[in-house]
Amino acid sequence: MSLLLKKATSFTAPAVVDGKIVQDFSLDQYIGDKYVVLFFYPKDFSGICPTEMWAIQESLPAFEKRNAVAIGVSTDTEEVHQAWINTPRDKNGIEGITFPVVADTAKTISANFGALAGYADFDEEGNATFVGAPIALRTTIIINKEGVIFYEAHNFFTLARSIPNVIRELDALQNFEINGEVCLANWKSEVAV
């Protein structure tokens, strides 16, 4: 079920921000002021995820120019996030990442945004089970300043997202909201990345 045009579900969770653990990081701090690009990814210390995190970090000036923030989310703990951020790049770490990375250990944030790669169920005896993979897909959500979801995309675990394409979608949303202009096929922003 698509989340487009729905209000983004609020959340408060532990996160690592600028290398430090924050216990009560909230999406609400940005609503009404910033566009939010919410990036879900499968696992810390995996093969593809560091490449995306570096690409997002390198694109932070482009997000800031568009009055947007990038927030990463996975089902790993805040301690694992912090360890990953403190690990050098040449050792599969993401040292130097400054954008928030949220710990969704309860998997509720991922589930609420349609990013969880499976679901909880019960067998015939009433025992809890999980169908699928209890981690996040590579999901991208763009939320406008009013808290409404205007873009969502889900990639399989092995397919990294294109950060320039995410910026293009953010530009297209802002072009419509600010200028009232629709974006035709292959539309490109005149705003420099």
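What comes next is a walk through the structure. (Residues numbered from 1 in each chain as written. Predicted model: local features only at pLDDT ≥ 70, side-chain atom pairs only at ≥ 80, totals over all residues. Heavy atoms only, no water.)

Looking at a nonpolar patch on the surface
So, step 1. A cluster of nonpolar side chains, namely L4, L5 and F150, defines an oily patch on the protein surface of about 290 Å² accessible area.
So, step 2. When you line up the elements, F150 lands in strand β9 (residues 149-155). (Patch = residues over 30% accessible without salt bridge, like charges linked within 9 Å, V, L, I, M, F, W, Y side chains within 5 Å. Areas by Shrake-Rupley, 256 points an atom, 1.4 Å probe, with all protein chains shown as cover. Salt bridge = Lys/Arg side-chain N within 4 Å of Asp/Glu carboxyl O. Helix = DSSP H or I, 4+ residues; strand = E, 2+ residues; numbered from the N terminus.)

Structural notes on unusual backbone geometry
So, step 1. Here F45, not a glycine, exhibits a phi torsion of approximately 60 degrees, which is positive.
So, step 2. Phi at N67 takes a positive value of approximately 55 degrees, unusual for a residue other than glycine.
So, step 3. Among the structural elements, N67 can be located in the loop between α2 (60-65) and β4 (68-74).

Quick look at helix α1 (residues 49-58)
So, step 1. Summarising burial for α1: seven of the ten residues are buried, a large majority.
So, step 2. Along α1, the residues that are buried comprise C49, P50, E52, M53, W54, I56 and Q57. (Buried < 20%, exposed > 50% of the residue type's maximum accessible area, 1.4 Å probe, protein only.)

What to know about the nonpolar core
So, step 1. If you look at the biggest cluster of nonpolar residues, it comprises 28 residues, and the most contacted ones within it are F39, M53, F63 and I97.
So, step 2. If you list the elements that add at least two residues to this core, you get β3 (35-40), α1, α2, β4, α3 (78-85), β9 and α5 (163-179).
So, step 3. Here the element with the most residues in this core is α5; it accounts for five residues.
So, step 4. Residues within four places of M53 in sequence aside, it is in contact with Y41, W84, I94, I97, F99 and V101. (Core = buried A, V, L, I, M, F, W, Y, C linked by side-chain atoms within 4.5 Å. Contact = heavy atoms within 4.5 Å.)

Some points on the packing of aromatic side chains
Any pair of aromatic rings gets described here by the distance separating the centres and the angle formed by the planes.
So, step 1. Inspection of the entire model under this criterion finds seven aromatic pairs.
So, step 2. With centroids separated by 6.2 Å and ring planes inclined at 50 degrees, the aromatic side chains of F25 and Y30 adopt a geometry described as tilted. Just as F25 is buried, Y30 falls in that class too.
So, step 3. Aromatic side chains F45 and W84 sit 6.1 Å apart centroid to centroid with 45 degrees between the ring planes, which places their arrangement in the tilted category. Of the two residues, F45 is situated in the loop between β3 and α1 and W84 in helix α3; the sequence distance between them amounts to 39 residues.
So, step 4. Three or more aromatic residues link up through ring pairs in this structure, and these residues are F11, F40 and F113. (Phe/Tyr/Trp six-rings, centres within 6.5 Å; stacked < 30°, edge-to-face > 60°.)

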